[in-house]
Amino acid sequence: MSELPKAYDPKLTEDKWYAFWEKGAFFQADPLSQKPPYCIVIPPPNVTGVLHMGHALVDTLQDILIRWKRMLGFEALWIPGTDHAGIATQTVVERHLYAKTGKRRKDFSREEFLEHVWRWKEMSEGQILAQLKKLGCSCDWSRLRFTMDEGCNRAVRTVFKKMYDEGLIYQGDYLVNWDPVTQTALSDDEVEHEERDSFLWHIEYPLANGQGSLTIATTRPETMLGDTAVAVHPDDIRYRQWIGQQIRLPLTDRLVPIIADPFVDPTFGSGVVKITPAHDFTDFEVGHRHNLPFLNIMTPDGRILQGAYAGQTLEEARESVLRDLGPRVVKKEPHKLRVGLSYRSKAVLQPYLSKQWFIKMSHFKEKLISAVREKRVTLIPPHWEATYFHWIENLRDWCISRQLWWGHRIPVWIKGEEKICYAGEGDPPGIDASWKQDTDVLDTWFSSALWPFSTLGWPDKTEDLKKFYPTATLITVHDILFFWVARMIMMGEYIMQEVPFQETFLHGLIYGKSYWRESAHGIAYLSPDEKKRYDLGEAMPKDVMTKWEKMSKSKGNIIDPLEIIDEYGTDAMRLALCSSVTHARQIDLDRRRFEEYKNFANKVWNGSRFVFLNLEGFTAEALCQGLDASLFTLEDRWILSLLNRTIQEMNRFLAEYTFDRAATCAYEFFWNDFCATYVELAKPVLFGKVGSSELKANKQRLLVILLSNAIRLMHPISPFITEEIFSLLQAKFPHLTAHPNHDPYTKETIHALQAKACIVAPYPTVHKEQDISLSTEATFAQIYEIVRAIRNIRAEMQLPPSEKTDLIICAKTSDWQLASQHQTILTALTPTSHITFTEQEPPHSLGASTLIGALKLIIPIPDSLKMKEKLRLEKEREKLQKLHDTTSQKLSNAEFRSKAPQEIVAKLEEALFLTDKQLADIDLKIRNL
């Protein structure tokens, strides 16, 4: 076996191993297997472009779980796929076509435009799948799905018809959130809210009888063109006499009634409000209660429909209306307004009356609540339950129609007032050309809600569906808890009579660091190159400001996962992402983490390289002889205890979705416990400085066992480097044979190395429960505390690592016996040449010392450092002398002693005594030097 290179190069391993896994069909699941099932459906990325760091995070976490469960012996299936993302994809393609051809969507026929979208989908999906593979995602690519593929189409049509036939889907004129840019309705969940500065205008509406006027207060004066009433509270004595009379609507010839309704807040404005049922959600309900007319004043692109202001945008019409009202505007006051924005186009949404399709959500409300309350679905972390219940309690009917071309066409054919819902292919049988299919498409989330069972072959009764539904878990970002998670629960229980997954882990949103400078022209965000320097720790100029914000191109705080992979390697990125995921709502992604875990990957490589370099002549036969427990040293028992504890904790952390703790656990075991401690302790034996050949062989076996376990523990998080090292172990130890009498460690390691690859090797489970020994760990901790103390003394003395020193340990014999028994640990882990154990401290011992319990540790000063130490002691003496003089001066002041509290004086006297003692000690050391 040739010597391994000194540095790990991910570019030499990642593509090689991914191709190996694909060729070996390691990702493919067998529905006929007798293994217990474990299934995850990927949150399908939108075919709008390429993946971002949020995708890298969620897909890394899913892959960790899938690889872990696969290694634990489950029939693990991870179903990949992409989402057609109706409004998002249509918008992107429209912009692309306009930039390329100068044509807008409506310049194409529906069929022509959809051909362009399908071509875009193929291109984008190809990029996405390549990126998922670059991330190391072990998806079963033979089961790749798309939310508009034929199987999903059939599932969508089948569910729609079932709900339609059962009266759960209806069409009606309803007020919706209308996006005037994309010209489609949005559901409540697709609305982003923003607080803006605006005004409250007070406007006089004249009474029809000419006996005065009422003043209404409104934030939207332009919508008065659609007013069909004004309202007051029924108990408001100021206006009770006018209830039932009429008012003349300014700028029009219309008379509208004055109505009484308890929704009116008498303390808001004047206590009189305008009612515009076709353009306000509250007014819509009032309009139905009072049988008012519904007057639409807006075109689909957000302009005034008719009259003097026809063609003006709503903003322009506001200015015109206020101008034309003139003196009737009696007051204008600042007012904070909560504005709804489209989550896609960012346009201000308008309440708009249109014919839409809806699902009656009241039918599902109780089951949605009980699914989480009764733990049929467990939300992790549990603090999301309150948010979930609040949303379900305030459900409105789900508007499922969208005025788009790209998406699942609503499977309803219309002729006059007649409607036919048809779930089959093509047009319903027996209809003529006078029947037309509804031109709207379904909300993207409708097909996404069916994803956990449509991807498994429903509505057919497939083997996949039988084996893998319900799926095991769902991992997704918390901000689509309502968009997607709740709707999957709803559809799963409605169609399958069973929830779609037992657990869902809701991770936080990724935030990046923004850097900017302020100037007279406003905020200027820093260039990516300058930002990167500060991300990696370079000192910032005073005029640069920074904070954590949601990732955004405009703020320059986006981190591209492909750039990170190219610079640091996939394993480093996966480790960094995993270590960043807590149960918090926000993930502050620090670029320095990638550097840290690149270094860790190198440590894994070099730790493994050391093991291989020290297995010269150590054969498969030697490994198969098994461990000899009679040769175990304290450090052997300690590392086996920690191995079993780490195995226990890694399995627990992954089961609890505490990914950050799993990453930290793997990091600390390999770097601190294995490399920095155990390997250093093994070196004297491996190098033949101490011990017998039998002891050396036992240490070599143990190193192989530890390495085999460590890389398998880390494989789900860092698959590429671990597969490479695992293959090197297999090449080193071919033709292994387990023996019934083997110790559990040797038996398990041989079994693991017989696997086809690390990806399907058994994930470590606790080998021997009794080997997790608190007493062994406590004993080792006592010795290691001495190691730390020696290192601290040497740091204070500023001794270089190459400078070996002696060590004197002073205490009663009974107190230093443990340290004496294990002094090889002290000499292996510190540059100590000789240790003297004594009950009497040497007179005039010159050096630095410290106390550890009953032990006094003294490191004599080497001759080469005596002058340096003398200068250090003189500086220390100067500080102590100043403290002595200040304290002495206070205590010699009679006035101070008479006025100061007695306990203060006593403390100063005690401090002076200690300072005198320290000065005497330093003087003695200086004299001896």
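On a predicted model such as this, the values are computed, not experimentally measured, just so you know. (Residues numbered from 1 in each chain as written. Predicted model: local features only at pLDDT ≥ 70, side-chain atom pairs only at ≥ 80, totals over all residues. Heavy atoms only, no water.)

**Student:** Lay out the packing of helix α19 (residues 634-655) against helix α24 (residues 774-797) with the relevant residues and their values.
**Tutor:** Packing of α19 against α24 brings their axes to within 9 Å, and their N-to-C directions diverge by 120°. Between α19 and α24, the crossing angle belongs to the class labelled oblique. Our pair here, α19 against α24, has a crossing hand that is left-handed. Together, L634, E635, R637, W638, S641, L642 and R645 of α19 and L774, T776, E777, T779, F780 and I783 of α24 make up the contact between the two elements. Split into classes, the residues belonging to the contact of α19 with α24 amount to six nonpolar, three polar and four charged. (Axes fitted to C-alpha atoms, helices over the stretch in contact; angles between N-to-C directions. Helix = DSSP H or I, 4+ residues; strand = E, 2+ residues; numbered from the N terminus. Parallel < 35°, antiparallel > 145°, perpendicular 65-115°, else oblique. Left-handed = near helix turned anticlockwise from the far one by under 90°. Contact = heavy atoms within 4.5 Å. Nonpolar A, V, L, I, M, F, W, Y, C, P; charged D, E, K, R; others polar.)

**Student:** Describe the environment of I587, and please don't skip the residues or the numbers.
**Tutor:** Relative to the elements of secondary structure, I587 occurs in strand β27 (residues 586-588). For I587, a relative accessible area of 2% translates into the label buried. (Buried < 20%, exposed > 50% of the residue type's maximum accessible area, 1.4 Å probe, protein only.)

**Student:** Just give me the short version of the side chain of D743, but keep the residues and values in it.
**Tutor:** The residue D743 is located in the loop between α22 (719-732) and α23 (744-753) in this model. Of the side chains bearing the opposite charge, R701 lies closest to the buried D743, which forms no salt bridge; the N-O distance is 7.5 Å. From its side chain, D743 meets the backbone nitrogen of L627 in a polar contact 2.9 Å long. (Lys, Arg positive; Asp, Glu negative; His and termini not counted. Salt bridge = Lys/Arg side-chain N within 4 Å of Asp/Glu carboxyl O. Polar contact = N/O pair within 3.5 Å; in protein donor to acceptor, adjacent residues only side chain to side chain.)

**Student:** So what's going on with the sheet that holds strand β30 (residues 847-852)? Residues and values would help.
**Tutor:** Across the sheet, which stays open at both edges, the four strands sit in the order β29-β28-β31-β30 with mixed pairing between neighbours. Strands at the two margins of the open sheet, each flanked by one partner only, are β29 (832-838) and β30. The mean inter-strand angle of the sheet, taken between neighbouring strand axes irrespective of direction, is 20°. Inspection of the sheet shows strand β28 (residues 805-810) paired to strand β31 (residues 855-860) by three bridges, in the antiparallel sense. Looking across to β31, one finds that I808 is bridged to I858. (Pairing = 2+ DSSP bridges.)

**Student:** Tell me about the packing of aromatic side chains, residues and numbers included.
**Tutor:** As enumerated under the stated definition, the model contains 48 aromatic pairs in all. Here F505 and Y657 contribute two aromatic rings whose centre-to-centre distance is 5.5 Å and whose plane-to-plane angle is 10°, an arrangement assigned as stacked. Note that F505 is positioned in strand β23 (residues 501-507) and Y657 in the loop between α19 and α20 (659-686), a separation of 152 residues in sequence. The same class applies to F505 and to Y657, which are both buried. Joined through ring pairs, the aromatic side chains of Y597, F600, Y667, F670, W671 and F674 make up one cluster. When the ring centre of W405 is taken as origin, the NZ or CZ atom of R105, which lies over that ring, is 4.8 Å away. The ring centre of W141 lies 5.2 Å from the NZ or CZ of K133, which sits over that ring. (Phe/Tyr/Trp six-rings, centres within 6.5 Å; stacked < 30°, edge-to-face > 60°. Lys NZ or Arg CZ within 6 Å of the ring centre and 35° of its normal.)

**Student:** Which residues make up the nonpolar core, and what values go with them?
**Tutor:** If you look at the biggest cluster of nonpolar residues, it comprises 147 residues, and the most contacted ones within it are M53, F659, I809 and L857. The greatest single-element share of this core, amounting to 15 residues, is contributed by α20. Discounting residues that sit within four places of it in the chain, I809 has contacts with W816, A819, L826, I835, T836, F837, T838, L855, K856 and L857. Counting residues in hydrophobic clusters, the runner-up holds 73 residues, among them Y388, A449, F482 and Y494. (Core = buried A, V, L, I, M, F, W, Y, C linked by side-chain atoms within 4.5 Å.)

**Student:** Provide a residue-level description of the side chain of Q403, including the pertinent values.
**Tutor:** In this structure, Q403 sits in the loop between β17 (401-402) and β18 (412-415). At a separation of 2.9 Å, a polar atom in the side chain of Q403 contacts the side chain of Q356.

**Student:** Outline the packing of helix α16 (residues 570-580) against α20, listing residues and values.
**Tutor:** Relative orientation of the contacting elements α16 and α20 amounts to 125°, with a least axis distance of 6 Å. Taken together, the axes of α16 and α20 are oblique relative to one another. Side by side, α16 and α20 meet where L575, C578 and S579 of the first sit next to F659, D660 and A663 of the second. Of the residues that constitute the contact of α16 with α20, the class distribution is four nonpolar, one polar and one charged.

**Student:** Hey, could you go over the pattern of salt bridges for me, with residue numbers and the actual values?
**Tutor:** Any two side chains of opposite charge can pair if their charged atoms end up close together. Within this structure, the stated rule accounts for 53 salt bridges. Across the pair E194 and R196 runs a salt bridge whose closest N-O atoms are separated by 2.8 Å. For E194, a relative accessible area of 34% corresponds to the partly exposed category. Of the charged contacts in the structure, one is a salt bridge between K899 and E895, with a shortest N-O distance of 3.0 Å. Placement of both K899 and E895 in helix α28 (residues 894-899) is noted, with a separation of four residues, approximately one turn of the helix. Here the residues in one salt-bridge network are K532, E563, E567 and R591, joined through shared partners.

**Student:** I'd like a description of unusual backbone geometry, backed by residues and values.
**Tutor:** Of note, the bond from W458 into P459 is cis; its omega dihedral lies within 30 degrees of zero at 20°. Tracing the sequence through the fold places P459 in the loop between α11 (451-454) and α12 (463-468). The omega angle of the peptide bond from Y469 to P470 is 0°, so this bond is cis rather than trans. Note on placement: P470 falls in the loop between α12 and β22 (471-477). Located in the positive-phi region is Q183, a residue other than glycine, with phi close to 55°. According to the relative accessible area criterion, Q183 is partly exposed, its value standing at 25%.

**Student:** Help me get a handle on the sheet that holds strand β10 (residues 246-248), residues and values and all.
**Tutor:** Here four strands make up an open sheet; going across it, the order is β10-β11-β9-β12 and the pairing mixed. The open sheet has two free edges, formed respectively by β10 and β12 (273-275), since each of these has just one partner strand. Averaged over all pairs of adjacent strands, the angle between strand axes in this sheet comes to 35°, irrespective of strand direction. As paired strands, strand β9 (residues 229-232) and strand β11 (residues 255-260) are joined by three bridges and run parallel to one another. Along β11, the bridge assignment pairs V232 with A260.

**Student:** Could you give me a rundown of the pairing of β31, with the residues and numbers involved?
**Tutor:** Relative to β31, β30 runs antiparallel, the two sharing six bridges. The partner of S849 across the bridge, within β31, is I858.

**Student:** Could you give me a rundown of helix α5 (residues 150-165), with the residues and numbers involved?
**Tutor:** Taking 1.5 Å of rise per residue, the 16 residues of α5 would be expected to cover 22 Å, and the 22 Å separating its terminal C-alpha atoms lies within 8% of that figure. Buried residues of α5: C152, N153, A155, V156, R157, V159, F160 and M163, and no others. Capping the start of α5, D149 holds a side-chain oxygen 3.2 Å from the backbone nitrogen of G151, two or three residues further along. Positive backbone phi, at 75°, marks G167, one or two positions downstream of α5. (Expected span 1.5 Å × (residues − 1).)

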